[in-house]
Amino acid sequence: MKKIIIAALFAVGAVFALSAEDSVDVSVVRGVKYPAGVDAPTGVWHDAKWDADWEFATNSIVLKKDGKVIYDFTNTAENFKASAGLSGLTVTFDCSETGRSYKFVKPISLNADLDMTIDRNDVPAKDPNKHYETKITWNK
């Protein structure tokens, strides 16, 4: 039931943003800062392949495994961008320290899961490990 309520809040937030205009888009050069009018996804989402948790808070994004911080993107995220549009809520950022670009999409639906895409910037375009795409499931 809690997942349905969270998913409904995401859907309502996206619909509200769309009713004001086609998209709400804010970019931040460094750090994690969500714009007014775009509700930040908060909670924990699990990446089953790596058995790791992505923890989103109002002004932070932290990757954890077994409860221990693997990486804290709060002050190292670059080109942070949050937007709400027809595809749902999208959060993107780069991190030069990890050599990766990250994209999280919460589609407009009652499901609380996120679509996650990670692109490595430190390998050639044809490398099979260049692009990673998966659905991460909402935990709490």
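What you are looking at is a predicted structure, and each value in this text was computed from that prediction instead of being measured.

Draft legend 1. Focus on the overall build of the chain. For the chain, the count of helices and strands is one helix and 10 strands. Written out in order from the N terminus, the α and β elements of the chain read α-β-β-β-β-β-β-β-β-β-β. Each of the 140 residues in the chain was classed as buried or not, and the buried ones make up 43%. Long-range contacts, defined as pairs at least 24 residues apart, comprise 42% of the intrachain contacts of the chain with a sequence gap of at least 6. Carbon and sulfur atoms provide 56% of the accessible area of the chain, an area that totals close to 7,800 Å².

Draft legend 2. Spatial organisation of empty space enclosed by the protein. Throughout the structure, instances matching the rule amount to one cavity of 30 Å³ or more. Considering only enclosed or pocket space, the largest cavity measures out at about 30 Å³ in volume. As for the largest cavity, its lining consists of Pro 41, Leu 89, Val 91, Phe 104, Val 105, Lys 106 and Leu 114. Here the element with the most residues in the lining of the largest cavity is strand E8 (residues 100–106); it accounts for three residues. Here the residues of the lining of the largest cavity are counted per class, giving six nonpolar, no polar and one charged.

Draft legend 3. The arrangement of the nonpolar core in detail. Residues Trp 54, Phe 73, Phe 93, Tyr 102 and Phe 104 are the most contacted members of the largest nonpolar core, which totals 23 residues. Residue assignment for this core shows that the elements contributing at least two residues are strand E3 (52–57), strand E4 (60–65), strand E6 (78–85), strand E7 (88–95), E8, strand E9 (114–120) and strand E10 (131–138).

Draft legend 4. Representation of the pattern of salt bridges in the model. Per the stated rule, a full pass over the model turns up three salt bridges. Between Asp 115 and Lys 135 there is a salt bridge; the shortest N-O distance is 2.7 Å. Taken together, the positions of Asp 115 in strand E9 and Lys 135 in strand E10 put the pair 20 residues apart, joining distant regions of the chain. With relative accessibility at 44%, the residue Lys 135 sits in the partly exposed group.

Draft legend 5. Expanded view of the packing of aromatic side chains. All chains considered together, the criterion is met by 12 aromatic pairs. Ring plane angle 20° and centroid distance 5.6 Å describe the contact between Trp 54 and Phe 73, whose orientation is recorded as stacked. Of the two residues, Trp 54 sits in strand E3 while Phe 73 sits in the loop between strand E5 (68–72) and E6, which places them 19 residues apart along the sequence. Exposure remark for Trp 54: the relative accessible area of 3% places this residue in the buried category. One aromatic cluster in this structure is built from Trp 45, Trp 54, Phe 56, Tyr 71, Phe 73, Phe 80, Phe 93, Tyr 102 and Phe 104.

Draft legend 6. Quick peek at the layout of surface pockets. By volume, the largest pocket amounts to about 460 Å³. Those elements that provide at least two residues to the lining of the largest pocket are E3, E4, E5, E8, E9 and E10. Ranked by residue count, the leading element in the lining of the largest pocket is E9, at three residues. For the lining of the largest pocket, the residue count by class is 12 nonpolar, three polar and six charged.

Calculation notes
- Residues numbered from 1 in each chain as written.
- Predicted model: local features only at pLDDT ≥ 70, side-chain atom pairs only at ≥ 80, totals over all residues.
- Heavy atoms only, no water.
- Helix = DSSP H or I, 4+ residues; strand = E, 2+ residues; numbered from the N terminus.
- Buried < 20%, exposed > 50% of the residue type's maximum accessible area, 1.4 Å probe, protein only.
- Contact = heavy atoms within 4.5 Å.
- Areas by Shrake-Rupley, 256 points an atom, 1.4 Å probe, with all protein chains shown as cover.
- 1 Å grid on protein atoms, 1.4 Å probe; cavity = no way out; pocket = protein on both sides within 12 Å on 5 of 7 lines; lining within 4 Å.
- Points joined across faces, edges and corners; volume = space filled by probe spheres on them.
- Nonpolar A, V, L, I, M, F, W, Y, C, P; charged D, E, K, R; others polar.
- Core = buried A, V, L, I, M, F, W, Y, C linked by side-chain atoms within 4.5 Å.
- Salt bridge = Lys/Arg side-chain N within 4 Å of Asp/Glu carboxyl O.
- Phe/Tyr/Trp six-rings, centres within 6.5 Å; stacked < 30°, edge-to-face > 60°.

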